[in-house]
Amino acid sequence: MSIKQLFKHTAIYGLATVMPRVLNLVLTPLHTSAQTLTQAQYGLYQGLFAYMILGNVLLTYGMETAFFRFMNKEKDPSRVASTSLRSLAVSSLAFLVIGLLGSTYIGYWLGYPAIYIRYAVWILVLDTLVAIPFAWQRNAGHSLHYSLIKIGNVSINLGLNLLFLLYFPYLERSGYELPTFTFIEDKTQYIFMANLIASLLTFVYMLPLYKRIGLRWDPKLWRTMLRYAFPILIAGVAFSVNEAFDRVFIRMLYPAGEADAVVGLYAGCYKMGVFMTLFITAYKLGVEPFFFSSSGDKKAPETYAKVTEYFSIFAGGILLFVCVYIDQLKWLLIPNKAYWEGLKIVPFVLMANLCLGLYHSMSVWYKVSDRTHWGALISVVGGVITVVANLSLIPLWGYMGAAVATFLAYGGMMGLSWWIGQHKYPIPYRWEAIGGFLGLSTGLSLLYFYVLDRNIWVGSGFFLSYAIVAVLKVKRGR
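**Some thoughts on helix 10 (residues 188–206)**
Here's step 1: With 19 residues, helix 10 extends 28 Å from end C-alpha to end C-alpha; this agrees with the ideal 27 Å at 1.5 Å per step.
Here's step 2: Of all 19 residues that make up helix 10, 14 are buried, and the element is covered over most of its length.

Pasting the structure below:
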């Protein structure tokens, strides 16, 4: 692949990753609207979605990454593709049978209606069944096709949500006769229905690749791939715990009568962190290829340090900007005033995501030196921090404790990656600059948000001052 092709594919894959997140922004004000779902209904969906993130990791069990590794290693790539596809197909269908038969018991055990569990099982299975076809397209360089399908999936999901939750109720209020399924009292089911239909259509579209890839089976190769995939599975489980299990712990530790509403409140306000998340996603997509392409350069460590320094400057600016203008931005994502009392978690959500971005930047040492097992270990440590901090802090501070726990987990992962990396692959980070900008941004954000009662004029002065200092620093650094 030429450099020109590499940048082309990177840009297209970036679009496929960022664009669905942007489209999903529309769903947040829709789902949190008082006219569509109650906080408890939204909380039920968000709570089960946390388990679905974990389920996706368990059902793919690292086989996607193993697929890419062995497709470029084995003499017969078609054997790798067909073995991977058959492995996930067989395990997914087994899960489908067990999940549907045990949906009532699972629902009772987790505290969800059985119908929700059946929706979740079908969605997880359909998404897993297209994992290898999607990986095959990426490996074959079909980046545009891959991206269009991904964006199409999210667009269908979004369109169906708008249809079920907005348009059908409008027609009903206007006196039109509608099909029976539009009268489901529990509107949370519509979210699952939209997701299920989008996943089903994606699977049907990708189904011809099953014939093209085939379902041949190589037991010896399969065992080798599983051994390679196991650490990736462990890291994925830990990441899913860090990413979403704060909702599970809130639901577990709050009284049953109010738990779902609190999860809904927390999850709705957590979405305000998307401004930092989008920046980090775009940064990660662009910086990882750059890190690998620069790894052979003698001055690579100095380059990595400079890139991380610039990241900290811009990420600090986003943190301060969102905190200062949160009372304006909230109308964009969560216009329902019933959620606004939960905005107090936003600074810690933003700081947590900032730490995650720094972790991605500081994890370059184990990626370019082929020591990826350290990534799995650090993720597990982050998972342990998540569990311990949530169990300790939620009883003390309520859902605010869950936000602080997320910050501690990602902050711990960042610190641990830096500490181990300095022993394994020293990088000369300029902590006086990185710490200075992050300390300034964090200090001003917390002062503005929790002490100065969000005075917009003072906050604007804070942000302008930070921006001037940052611009001067970047200009001097060129």
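**Quick notes on the environment of T60**
Here's step 1: Relative to the elements of secondary structure, T60 occurs in helix 3 (residues 39–60).
Here's step 2: When the C-alpha positions of T60 and M193 are compared, they lie 23 Å apart, and in sequence the two are 133 residues distant.
Here's step 3: If near-sequence neighbours (up to four positions away) are discounted, T60 is found in contact with L88, T128 and A131.
Here's step 4: In this structure the side chain of T60 is engaged in a polar contact, spanning 3.3 Å, whose partner is the backbone oxygen of V57.

**Topic: the packing of aromatic side chains**
Here's step 1: Per the stated rule, a full pass over the model turns up 26 aromatic pairs.
Here's step 2: The interplanar angle of 75 degrees and the centroid separation of 6.4 Å between the aromatic rings of Y42 and Y339 together place this pair among those described as edge-to-face. Here Y339 lies in the loop between helix 16 (326–333) and helix 17 (346–362) and Y42 lies in helix 3, a separation of 297 residues in the sequence. Judged on exposure class, the residue Y42 and its partner Y339 are both buried.
Here's step 3: Their ring planes at 10 degrees and their centres at 5.5 Å tell us that F279 and F311 sit as a pair that is stacked. In this pair, F279 is assigned in helix 14 (residues 274–294) and F311 in helix 15 (residues 300–324), connecting sequence segments 32 residues apart.
Here's step 4: Of the residues examined, F279 reaches a relative accessible area of 24% and is grouped as partly exposed.
Here's step 5: For F311, a relative accessible area of 2% corresponds to the buried category.
Here's step 6: Residue placement shows K150 over the ring face of F134; its charged tip is 4.4 Å from the ring centre.

**A few points about the confidence of the model for the protein**
Here's step 1: For the protein, per-residue confidence averages 88 on the pLDDT scale, and 94% of positions sit at 70 or higher.
Here's step 2: Confidence scores differ between elements of the protein, with helix 1 (residues 3–24) showing the lowest mean pLDDT of 61 and helix 7 (residues 114–129) the highest of 96.

**Regarding the pattern of salt bridges**
Here's step 1: Considering all chains together, one arrives at eight salt bridges under this definition.
Here's step 2: The shortest N-O distance in the salt bridge between D260 and R251 comes to 2.6 Å.
Here's step 3: The exposure class of D260 is buried, given its relative accessible area of 15%.
Here's step 4: Under the relative-accessibility criterion, R251 is labelled buried at 18%.
Here's step 5: Here the residues in one salt-bridge network are E309, R430, E432 and K473, joined through shared partners.

**Looking at unusual backbone geometry**
Here's step 1: Of note in this structure, D453 is not a glycine but carries a positive phi near 55 degrees.
Here's step 2: Within the secondary structure, D453 is located in the loop between helix 21 (431–451) and helix 22 (456–477).
Here's step 3: In this model, R454 sits at a positive phi of 55 degrees, which is unusual for a non-glycine residue.
Here's step 4: Among the structural elements, R454 can be located in the loop between helix 21 and helix 22.

**Some points on the side chain of S363**
Here's step 1: As for its position among the elements, S363 is in the loop between helix 17 and helix 18 (364–368).
Here's step 2: Of the residues examined, S363 reaches a relative accessible area of 1% and is grouped as buried.
Here's step 3: A polar side-chain atom of S363 sits 2.8 Å from the main-chain carbonyl oxygen of H360.

**Observations concerning the packing of helix 12 (residues 219–253) against helix 19 (residues 373–397)**
Here's step 1: The interhelical angle for the contact between helix 12 and helix 19, taken along N-to-C directions, is 10 degrees, at an axis separation of 8 Å. When the axis of helix 12 is compared with that of helix 19, the two are roughly parallel. Across from P231, I234, A235, A238, V241, N242, D246, F249, I250 and L253 in helix 12, the residues of helix 19 making contact are A376, S379, V380, G382, G383, T386, V387, N390, L391, I394 and P395.

**What about the nonpolar core?**
Here's step 1: Within the largest apolar cluster, 146 residues are counted, with the highest numbers of intra-cluster contacts made by I250 and I345.
Here's step 2: Among the elements that line this core, the one with the most residues is helix 17, at twelve residues.
Here's step 3: Those residues in contact with I345 that sit more than four places away from it in its chain are Y266, C269, Y270, Y399, M400 and A403.
Here's step 4: With ten residues, the next largest nonpolar core counts I313, Y448, F462 and Y466 among its residues.

**With respect to the packing of helix 19 against helix 20 (residues 399–424)**
Here's step 1: Between helix 19 and helix 20, the shortest axis-to-axis distance is 8 Å and the interhelical angle comes to 150 degrees. For the element pair helix 19 / helix 20, the angle class is roughly antiparallel. Classified by chirality, the crossing of helix 20 by helix 19 is right-handed.
Here's step 2: Here the contact of helix 19 with helix 20 is built from residues that sort into 18 nonpolar, seven polar and one charged.

**Points about a nonpolar patch on the surface**
Here's step 1: A surface patch of nonpolar side chains, amounting to about 720 Å² of accessible area, comprises F230, I234, M252, L253, V380, V384, V387, V388 and L391.
Here's step 2: When residues of the nonpolar patch are traced back to their parent elements, those giving at least two are helix 12 and helix 19.
Here's step 3: With five residues, the top contributor of residues to the nonpolar patch is helix 19.
Here's step 4: Mapped onto the fold, M252 is located in helix 12.

Definitions and cut-offs
- Residues numbered from 1 in each chain as written.
- Predicted model: local features only at pLDDT ≥ 70, side-chain atom pairs only at ≥ 80, totals over all residues.
- Heavy atoms only, no water.
- Helix = DSSP H or I, 4+ residues; strand = E, 2+ residues; numbered from the N terminus.
- Expected span 1.5 Å × (residues − 1).
- Buried < 20%, exposed > 50% of the residue type's maximum accessible area, 1.4 Å probe, protein only.
- Contact = heavy atoms within 4.5 Å.
- Polar contact = N/O pair within 3.5 Å; in protein donor to acceptor, adjacent residues only side chain to side chain.
- Phe/Tyr/Trp six-rings, centres within 6.5 Å; stacked < 30°, edge-to-face > 60°.
- Lys NZ or Arg CZ within 6 Å of the ring centre and 35° of its normal.
- pLDDT = per-residue confidence, 0-100.
- Salt bridge = Lys/Arg side-chain N within 4 Å of Asp/Glu carboxyl O.
- Axes fitted to C-alpha atoms, helices over the stretch in contact; angles between N-to-C directions.
- Parallel < 35°, antiparallel > 145°, perpendicular 65-115°, else oblique.
- Core = buried A, V, L, I, M, F, W, Y, C linked by side-chain atoms within 4.5 Å.
- Left-handed = near helix turned anticlockwise from the far one by under 90°.
- Nonpolar A, V, L, I, M, F, W, Y, C, P; charged D, E, K, R; others polar.
- Patch = residues over 30% accessible without salt bridge, like charges linked within 9 Å, V, L, I, M, F, W, Y side chains within 5 Å.
- Areas by Shrake-Rupley, 256 points an atom, 1.4 Å probe, with all protein chains shown as cover.

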